[in-house]
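Now for the letters of each chain:
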Amino acid sequence: MTELVGLADVQAARELLAGVTRTTPLEPSRPLSAALGGPAWLKCENVQRAGSYKVRGAYVRISRLSAEERAGGVVAASAGNHAQGVALAAGLVGTHATVFMPVNAPLPKVAATKGYGAQVELIGNTVDESMVAAQTFAERTGAVFIHPFDHRDVIAGQGTVALEILEQCPDVKTIITGVGGGGLVSGIAVAAKALRPDIRVIGVQATGAAAYPPSLLAGEPVRLPAFATIADGIAVGRPGDLTFTHVRKLVDEVVTVSEEDISRALLMLLERGKQVVEPAGAVGVAALLAGVVQVEAPVVAVLSGGNIDPLLMLRVIEHGLAAAGRYLRFTVRCSDRPGQLASLLSEIAEHRANVVDVEHQRVHPHLHLGEVEVALSVETRGVEHSDTLISALRASGYQVVFAGEG
């Protein structure tokens, strides 16, 4: 039977991290508080050193290596955040890090990992494939493999997040955080349940990479046959053996959120919270906004990371606007006569919608003679405004078609 990490382990980890990691701020969230009808807070690990909570567990693990182990270096596999945490921790401890990352890892995360002094190898299409390569490297060279989540020291280090939360919000009733392999939620649950057994700890996964629900149902870790999500930081195909045991025994619930939910959460955090957060770091907020879980306030949502690729941020913002009904893409078919385009744009302007771009097409197999198609991208103020605009255009005789419609 696997022995769980204990409160003493987390407290010892905190002593090791003194002067290494920062106590991240706990910020109030008015939009979440309004949605939940009670106090809601954001634990901002997105402003932690190296941009995420990962440095906590990585440093605890690496700092406890023997001198002989440090001399041989360390190796890790990660899509980005664990990579940066290991690279930073290795530099602080005085050992060399080699990090295997998927070939499609975000370029800013690759650059940051190299910037902390690690040697980066791009191998595999997923973190799981990179992990196999890292473990093979460890066996061949003698470097110590630093697992991203399935190790006692790593879990203990991540659990220090909960110690800070309990000091910053002593009356917290619910802590909600994203779940990939399960290291963060396991550590949080260890500390929270030991100090306040009444606290509910909730994990959140992206629907496209949710290994925990089927694993919990089966009573053992289950590997997903395939997975994909914009939340690359929690795109893990199988729970760890150790973390699964902790989640099954200590975590109250694991729920899932869609890509649209995540996009809306990121948009809200950026607009209303002034927080730059990566998709994996926003899934807790996404679950609260989407109402997929019932919680008791005060609630603390952990923003686990802020290392987002600027190009992804652009796409996510656009997707979030669309999911919130504030960004429309549609085509209008109308007669090809002088002034028709001007009339269409004028009507859109009358309804105070903003045209972002427009494409006018006269020649296409599905168009009739004398008919044109105008593809439009339009900004609106929300779902109600969008519905009003589309209804007005159709009432004026325009044939409005959205993607996927005939």
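Residues numbered from 1 in each chain as written. Predicted model: local features only at pLDDT ≥ 70, side-chain atom pairs only at ≥ 80, totals over all residues. Heavy atoms only, no water.

**Describing the sheet that holds strand 6 (residues 144-145)**
Strands belonging to one sheet form pairs held by backbone hydrogen bonds; the direction of such a pair is parallel or antiparallel. Spatial strand order, 5-4-3-6: 4 strands in an open sheet with parallel pairing. Lying at the two open borders of the sheet, with one neighbouring strand each, are strand 5 (119-122) and strand 6. When strand 4 (residues 97-101) meets strand 5, the two strands line up parallel, connected through 4 bridges. Considered in strand 5, the bridge of V99 is made with V120. (Pairing = 2+ DSSP bridges. Helix = DSSP H or I, 4+ residues; strand = E, 2+ residues; numbered from the N terminus.)

**Structural notes on the domain arrangement of the protein chain**
As assigned here, the protein chain comprises domain 1 (7-52 + 158-319), domain 2 (54-145) and domain 3 (325-402). One C-alpha centre belongs to domain 1, the other to domain 2; they are set 23 Å apart. Each partner contributes to the interface: domain 1 provides 28 residues, whereas domain 2 provides 21 residues. When domain 1 packs against domain 2, the two sides together hide about 2,000 Å² of surface, and 53% of this comes from carbon and sulfur. Here domain 1 is connected to domain 2 by 5 salt bridges. Our count for the domain 1 to domain 2 interface comes out at 11 residue pairs in polar contact (both at pLDDT 80 or more). Breaking the side of domain 1 that touches domain 2 down by element, the ones donating at least two residues are helix 1 (7-17) and helix 8 (152-168). (Domains from an automatic or database assignment. Contact = heavy atoms within 4.5 Å. Buried area = accessible area lost by both parts, 1.4 Å probe. Salt bridge = Lys/Arg side-chain N within 4 Å of Asp/Glu carboxyl O. Polar contact = N/O pair within 3.5 Å; in protein donor to acceptor, adjacent residues only side chain to side chain.)

**Focus on helix 5 (residues 81-93)**
Taking 1.5 Å of rise per residue, the 13 residues of helix 5 would be expected to cover 18 Å, and the 18 Å separating its terminal C-alpha atoms lies within 8% of that figure. In terms of burial, helix 5 is a largely internal element, 11 of the 13 residues being buried. Buried within helix 5 are the following residues: N81, H82, A83, Q84, G85, V86, A87, L88, A89, A90 and V93. Elements in contact with the buried residues of helix 5: helix 3 (54-63), helix 4 (67-71), strand 3 (74-77), strand 4 and helix 6 (107-115). Looking one or two places after helix 5, you find G94, whose phi comes out positive at around 100 degrees. (Expected span 1.5 Å × (residues − 1). Buried < 20%, exposed > 50% of the residue type's maximum accessible area, 1.4 Å probe, protein only.)

**Quick look at helix 8**
With 17 residues, helix 8 extends 25 Å between its outermost C-alpha atoms, agreeing within 8% with the 24 Å of an ideal straight helix rising 1.5 Å per residue. For helix 8, a buried count of 14 out of 17 residues is recorded, marking the element as mostly surrounded by other parts of the structure.

**Considerations on the environment of L269**
Looking at the element boundaries, L269 is found in helix 12 (residues 259-271). Accessibility expressed as a relative area gives 1% for L269, which makes it buried. In the structure, L269 is positioned 227 residues away from L42 in sequence and 9.8 Å away in space, judged by C-alpha atoms. Discounting chain neighbours no more than four positions away, the residues touching L269 are L42, K274, Q275, V277, A282, V285 and L303.

**Points about the sheet that holds strand 8 (residues 200-206)**
One open sheet holds the 6 strands; their spatial order is 1-2-10-7-8-9, and the pairing between them is mixed. With partners counted over all chains shown, the strands left at the sheet margins are strand 1 (26-28) and strand 9 (253-257), one partner each. Recorded for the sheet is a direction-independent mean angle of 25 degrees between the axes of neighbouring strands. The pairing of strand 7 (residues 174-178) with strand 10 (residues 299-303) spans 3 bridges and is classified as parallel. Along strand 10, the bridge assignment pairs I175 with V300. Helix 9 (residues 183-195) contacts strand 7, strand 8 and strand 10 of the sheet and is inclined by roughly 175 degrees relative to strand 8. (Axes fitted to C-alpha atoms, helices over the stretch in contact; angles between N-to-C directions.)

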